[in-house]
Every structure is written in structure tokens, then in C-alpha cells.
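Observations on the model geometry
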Amino acid sequence: MDSRLRNILAFSLGLLILAYIIGTLGPGRIIESVAKTRIELFLLAGLFYLVNEFIASLALKISMGGSLWGVWMAHMRGMLYSNATPGRVGYYYTAFSISKGTSKSTSGNIGIVTLIQGVNFTIKVFLCITALIYISSLLSSNASVSYFLTVSMVPVFIVAAIGLVLYTDALNRVMEGIPLLRRFLVNVELMQKASKEMELKTLAGVVFVALLSWIYMSAQWYLIAHSLGAGIDFVTALLLQPLLTTVMFIPLSPAGLGFTEGGSAVLFSILGLSETSGVTFILLVRFNSILVDSMGLVDKILLNNNPS
């Protein structure tokens, strides 16, 4: 299937799910909830997210080199694209952009980006389990327990898949047996080589950056929740973040559109808050993040000025 058609179908599916959720809750209630948003807290949330994006880009900087400004803008443009692609695969654009300003190959950078994602998802595994334990006393139905277990298993499968691709020859053997894919085997080998050559101290830096980024992004979520009048504490925001961002990687709609809003409605309901607040919360998180990530369009100007 053509990738453009696949993206259109994925976007349509996400919109249909979101329309169903909003239609069930009542469009008027969502609009009323948005209208009551405290703008000053919403803007402050954007500032925290901007700092988060800078911190997150440091993982790319210490792994790939390049100018700090160029890497930051490439990261933000990748994040912008990730909001419009199923499984958030648009983020891999950063590998292409950074390779233009460094001596590293695009394939090698893809390997490093994949490894960084693996680190992030490994952390999410533990955070999702911690979140499950933290709110387990609030789970009143088997359906809720099943939802949390399913969400917690998503990063486990992603980490396992990344490990197979980067640190085994399983994918290599499959590609060798398919003539159409065999010509791309060298790219996979460059990915594997780059990830295996990452030094332990660099990997430790990536872990530290990921944890720091988690805290700042959770601050964004905390402020947006309070801008809606949803009085959650910061610890709850810390644990909501990995649970819902994991759902965003479900490759059925762009950044989990529809699925994440549904998950947020479930989570807010479990916490004793309204489902309407849960849906509005994620919609505002998306809007807040896209506004900030739009700064990444500067990267397009940088590439146009330095096409080589």
C-alpha cells in the first residue's frame, strides 16, 4: 500500500475514534472545558515543554555531535513530524537532518536514534509498572486492570523488537532471503554498527537525559491539567505521562490519535475526575506540544541554506 494512502487511512481512523469519543461525551462539554482553560498556565506549560525539548535533544548531541542549535532544531522538527505519523516514526527525520551537518551516515544516525528510543522505552517499562502499582488500589474492574497491563506491555514489545534489530542478525537473515530487501542490508548493518559502538558513558548520559526530560514533560502535563481545573498532584502527572505517551506509539493512527484520548478518559475516570477533562487534557497537550515543536521549522531554513 502506498505510504501516503496508509497515512490518510490512519489519520481517518484516528479522527473517527476521536469523533466518536467527543460525540459520546458531548461536543459542548469539550468546548466548555477548553473555554475555561487558564491561558497563563497553558503558556507556562509550553515553556516547560520547550525546556524539555532542549534537554531531550542533548541525547542526540552527545551521541551524534553537530552544532547544539542544529541538533535541537532537527529534534524539534522530528517531534513535529512524529505528531503526524503512525507510531511517531516521523521522528526519524532527525537522523537525516543531523547527518547533513556531521560526518555520520544517515543509516548510522538511524541506528543511534533507535537505540535512544530503546533506552526511553526501557525506562517507560519500569515507569508503567510503577504507575500500575501506584494506582492499583483505585482499579475497580477487571477491564481497568487489563487496560493497564496492555499499556505496560507495549514498551516491552518495542524494546524487544529494538534489541532484535540492533543486537542480533535476525533481521539480517530475513532481508538476505528477500531480493527486494537485500539491497538495504548495508543500511541495517550501519545502524547496528553505530549503536554497538556507542560508549557506556554516552549511554549513561542518554539515560540521565531521558529521566530529566521525563520530569520536565511531566511538569508540562501537570500545568495543563491544572489549567483545566483538574487538581492532580505532580506524582500523578509523573506517572500519567509514561502511560499515555506509550499509547501514542500505537501504529494505527498518527501519534495514537483517538486511542490516547480514550486512554486519558479512562485514566481520569479512575482518578475520580471527569472523562471530559481527560479528553480535553490530551487535546490541549497535543496543541501545546505542536505549537512549541513548530519552532523546528527553522531546521528547514537551515537545510535550505546548507543543502550539502
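To keep things clear, this report deals only with the structure shown in the data block. Everything quoted here is computed from the prediction, not taken from an experiment.

1. Brief notes about the overall build of the protein chain
Looking only at helices and strands, the protein chain has 15 helices and zero strands in total. Across the protein chain, the fraction of contacts at a sequence separation of at least 24, relative to all contacts at a separation of at least 6, is 71%. Accessible surface computed for the protein chain: about 14600 Å², of which carbon and sulfur atoms make up 70%.

2. Concerning the packing of aromatic side chains
For the coordinates displayed, the defined rule picks out ten aromatic pairs. Where F54 meets W72, the ring centres are 5.2 Å apart and the plane angle is 80 degrees; that geometry is what we call edge-to-face. One end of the pair, F54, is in helix 3 (residues 39–64); the other, W72, is in helix 4 (residues 68–82), and 18 residues separate them in sequence. By relative accessible area, W72 is classed as buried at 14%. The rings of F54, W69 and W72 are connected pair by pair, giving a single aromatic cluster. Over the ring of F249 we find R88; its NZ or CZ atom is 6.0 Å from the centre of that ring.

3. Some remarks on the nonpolar core
Ranked by internal contacts, the top residues of the largest apolar core, which has 57 residues, are L60, W221 and F281. In contact with L60, other than residues within four places in its own chain, are G65, V71, H75, Y91, T94, I98, V113 and I116. In this structure, I22, L257, A265 and V279 belong to the second largest nonpolar core, which totals eight residues.

4. A short note on the environment of L171
Relative to the helices and strands, L171 is located in helix 8 (residues 170–176). Its relative accessible area of 30% is what places L171 among the partly exposed residues.

5. Structural notes on the environment of G111
Looking at the secondary structure, you find G111 in helix 6 (residues 106–134). Note on G111: relative accessible area 0%, which makes it buried. With 76 residues separating them along the chain, G111 and N187 place their C-alpha atoms 9.3 Å apart. Those residues within four positions of G111 in sequence are excluded, and the remaining contacts are L166, M191 and S195.

6. Observations regarding the packing of helix 3 against helix 14 (residues 275–293)
Following both chains from N to C, one finds helix 3 and helix 14 inclined at 55 degrees, their axes separated by 9 Å at the closest point. In terms of axis orientation, helix 3 runs oblique to helix 14. In this structure, helix 3 meets helix 14 at a crossing whose hand is right-handed. From helix 3, F42, A45, G46, Y49, L50 and E53 reach across to helix 14, where they touch L284, F287, N288, S289, L291, V292 and D293. Looking at the contact of helix 3 with helix 14, its residues break down into eight nonpolar, three polar and two charged.

Conventions used here
- Residues numbered from 1 in each chain as written.
- Predicted model: local features only at pLDDT ≥ 70, side-chain atom pairs only at ≥ 80, totals over all residues.
- Heavy atoms only, no water.
- Helix = DSSP H or I, 4+ residues; strand = E, 2+ residues; numbered from the N terminus.
- Contact = heavy atoms within 4.5 Å.
- Areas by Shrake-Rupley, 256 points an atom, 1.4 Å probe, with all protein chains shown as cover.
- Phe/Tyr/Trp six-rings, centres within 6.5 Å; stacked < 30°, edge-to-face > 60°.
- Buried < 20%, exposed > 50% of the residue type's maximum accessible area, 1.4 Å probe, protein only.
- Lys NZ or Arg CZ within 6 Å of the ring centre and 35° of its normal.
- Core = buried A, V, L, I, M, F, W, Y, C linked by side-chain atoms within 4.5 Å.
- Axes fitted to C-alpha atoms, helices over the stretch in contact; angles between N-to-C directions.
- Parallel < 35°, antiparallel > 145°, perpendicular 65-115°, else oblique.
- Left-handed = near helix turned anticlockwise from the far one by under 90°.
- Nonpolar A, V, L, I, M, F, W, Y, C, P; charged D, E, K, R; others polar.

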